[in-house]
Amino acid sequence: MIKLTNVSKSFQTKKGTIPAIDDVSLEVQPGEIFGVIGYSGAGKSTLIRCVNLLESPTTGSVIINGRDVTNVSAEELLKVRRKIGMIFQGFNLLKTATVYDNIAIPLKLTDVDKKEIDKRVQKYLQIVGLEDKHDAYPGQLSGGQKQRVAIARALAQEPEILLSDEATSALDPETTESILELLLKINEELGITIMLITHEMNVIQKICDRVAVMEKGKIIEQGKTVDIYARPSHPTTKRFVNSTYHKELPPHVLQDLIQTGPVVRLTFVGESSSKPVLASVSAKFPVSPNILAGGIIALKQETIGTLVVHLHGDKEETIKAISYLEEQGVKVEGVEVTHV
Ligand SMILES: Nc1ncnc2c1ncn2[C@@H]1O[C@H](COP(=O)(O)OP(=O)(O)OP(=O)(O)O)[C@@H](O)[C@H]1O
């Protein structure tokens, strides 16, 4: 649906050339929600703006529905853009226009007739849950409601793809949750493919089927969300994944514990989550697992469990116990003294 091949984009400034994105390739499949995560300055905004050609790549190709859009005429580009809606962190609503007009004006500009405009405004305001706000002005709405209007405006163009540029970053956690649920509904019920950028791992966790991690203009890791959570390989990806666990053991506690055996983080996914592996460890080896912390992360399609466990026992026996856990499909990671 969206295919970027070897896309690079640099900006010329007085201080020289800034390589914002560097040789990025990725593919978003029809019907999926694809997330790009990275810290500030990683190149996410530039990347997503290359998809609808708000930025033109310096090199590389952008293919939408099988068509290379980097070399099309201005007229063709307009047609392609109509199939791609976009929402933003700052909502970008017209302050002096009502909710109705905010949704209707872009449709008027594309010559949709009045009756059809009325129909679409009503339909999409209902989908976003704001059917009673036709005549309100943006200033009279909460941040979450403003984003819902922006989503209705994007949907009213009846796009195949929705691009989301940090759409929940300005919202509180509860409102973020409700907007993420709305994006899921749009994806599932209207079949719209969504590509989003974010710096928040909980956005990826809750709604993305696949994720790409960006750093310094490059994609450093990409894959199914569940695989990235279960086995992050790049240190930056690990930082993002660990940010969702919110668990830290006081260093002195950890220091004391490791005198009598390793402290490990166990990650359970798929089949391994339903086996009573810790009970088997104590039955098979002279090792006592002591659970220090635990949690469950609900991803869009799967659940991942984590436990931080102290394996109390003889060194050789704990090594055998760890091998056994790995054979059972559990991911085992040593916990260092500063962080859990
Ligand atoms: N129009 C521009 N002119 C010059 N440099 C730019 C321009 N747009 C982006 N950059 C630079 O490109 C790099 C990537 O910026 P970009 O906004 O894409 O990152 P980001 O990951 O979206 O960051 P943030 O989350 O802070 O918006 C940064 O170094 C930025 O300063």
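Note that the coordinates shown come from a computational prediction; the quantities given were computed from them, not determined experimentally. (Residues numbered from 1 in each chain as written. Predicted model: local features only at pLDDT ≥ 70, side-chain atom pairs only at ≥ 80, totals over all residues.)

(A) Examining the overall build of the protein more closely. When helices and strands are counted, the protein shows 12 helices and 14 strands. Its C-alpha atoms give the protein principal-axis dimensions of about 75 × 50 × 35 Å. Expressed as a percentage of the 340 residues in the protein, the buried residues total 38%. If you take every contact in the protein between residues at least 6 apart in sequence, the share linking residues at least 24 apart comes to 69%. (Helix = DSSP H or I, 4+ residues; strand = E, 2+ residues; numbered from the N terminus. Buried ≥ 20, exposed ≤ 12 C-beta atoms within 10 Å, placed from the backbone. Contact = placed C-beta atoms within 7 Å.)

(B) Broad picture of the site of the ligand. Not every one of the 13 residues close to the ligand is listed here, only the nearest: Phe11, Ala20, Ser40, Ser45 and Thr46. Breaking the shell around the ligand down by element, the ones donating at least two residues are β1 (2-13), β2 (16-28) and α1 (44-51). Looking at which element gives the most residues to the shell around the ligand, the answer is α1, with three residues. Partitioning the shell around the ligand into residue classes produces four nonpolar, eight polar and one charged. (Near = placed C-beta within 6 Å. Nonpolar A, V, L, I, M, F, W, Y, C, P; charged D, E, K, R; others polar.)

(C) Quick look at the domain arrangement of the protein. Splitting the protein by domain gives domain 1 (2-242) and domain 2 (251-334). Distance from the C-alpha centre of domain 1 to the C-alpha centre of domain 2: 39 Å. At the interface, 10 residues of domain 1 touch nine residues of domain 2. Listed by contribution, the elements that provide at least two residues to the side of domain 1 that touches domain 2 are α7 (201-207) and α8 (225-230). A total of four residues in the side of domain 1 that touches domain 2 trace back to one element, the largest contributor, which is α8. (Domains from an automatic or database assignment.)

(D) Looking closely at the packing of helix α5 (residues 143-156) against helix α6 (residues 173-190). Viewed as axis vectors pointing N to C, α5 and α6 meet at an angle of 15°, and their least axial separation amounts to 10 Å. Taken as axis vectors, α5 and α6 run roughly parallel relative to one another. Handedness of the α5/α6 crossing: right-handed. Where α5 approaches α6, its residues Gly143, Gly144, Gln147, Arg148, Ile151 and Leu155 are matched on the opposing element by Thr175, Ser178, Ile179, Leu182 and Ile186. Of the residues assigned to the contact of α5 with α6, the class counts are five nonpolar, five polar and one charged. (Axes fitted to C-alpha atoms, helices over the stretch in contact; angles between N-to-C directions. Parallel < 35°, antiparallel > 145°, perpendicular 65-115°, else oblique. Left-handed = near helix turned anticlockwise from the far one by under 90°.)

(E) The confidence of the model for the protein, seen in detail. Confidence in the prediction for the protein averages 92 pLDDT; 97% of positions are at 70 or higher. Across the whole predicted complex the pTM is 0.87, and at the interface the ipTM reaches 0.96. (pLDDT = per-residue confidence, 0-100.)

(F) Region of interest: the nonpolar core. Tyr124, Ala152, Leu162, Leu163, Met195, Tyr229 and Ile304 are the most contacted members of the largest nonpolar core, which has 89 residues in total. It is α5 that contributes the most residues to this core, seven residues altogether. With residues up to four places along the chain from it excluded, the contact list for Ala152 reads Ile103, Tyr124, Leu125, Val128 and Leu130. (Core = buried A, V, L, I, M, F, W, Y, C linked by C-beta atoms within 7 Å.)

(G) Region of the structure containing the pairing of strand β3 (residues 33-38). Burial analysis of β3 places six of its six residues in the buried class, the great majority of the element. Burial along β3 is two-sided: the residues Ile33, Gly35 and Ile37 and Phe34, Val36 and Gly38 are all buried. Inspection of the sheet shows β3 paired to strand β8 (residues 193-198) by five bridges, in the parallel sense. From the neighbouring strand, Phe34 faces β8, where its bridge partner is Met195. Judged from the five bridges that link them, β3 and strand β9 (residues 210-215) form a sheet pairing that is parallel. Following the sheet pairing, Gly38 is matched in β9 by Met214. (Pairing = 2+ DSSP bridges.)

(H) The arrangement of the packing of helix α4 (residues 114-127) against α5 in detail. Where α4 meets α5, the axes come as close as 9 Å, and the angle between the chain directions of the two elements is 135°. It follows that α4 is oblique to α5 by the angle criterion. For the element pair α4 and α5, the recorded crossing hand is right-handed. Within the contact between the two elements, α4 uses Arg120, Val121, Tyr124, Leu125 and Ile127 and α5 uses Ala152, Leu155 and Ala156. Grouping the constituent residues of the contact of α4 with α5 by class yields seven nonpolar, no polar and one charged.

(I) Just the UniProt feature "domain: ABC transporter" (unreviewed entry) in the protein, in detail. Using the residue numbers shown here, the UniProt feature "domain: ABC transporter" (unreviewed entry) corresponds to residues 2-241. For residues 2-241, helix accounts for 39% and strand for 28%, while the C-alpha atoms at its two ends are 26 Å apart. (UniProt positions renumbered as here; feature names shortened; annotations may be inferred.)

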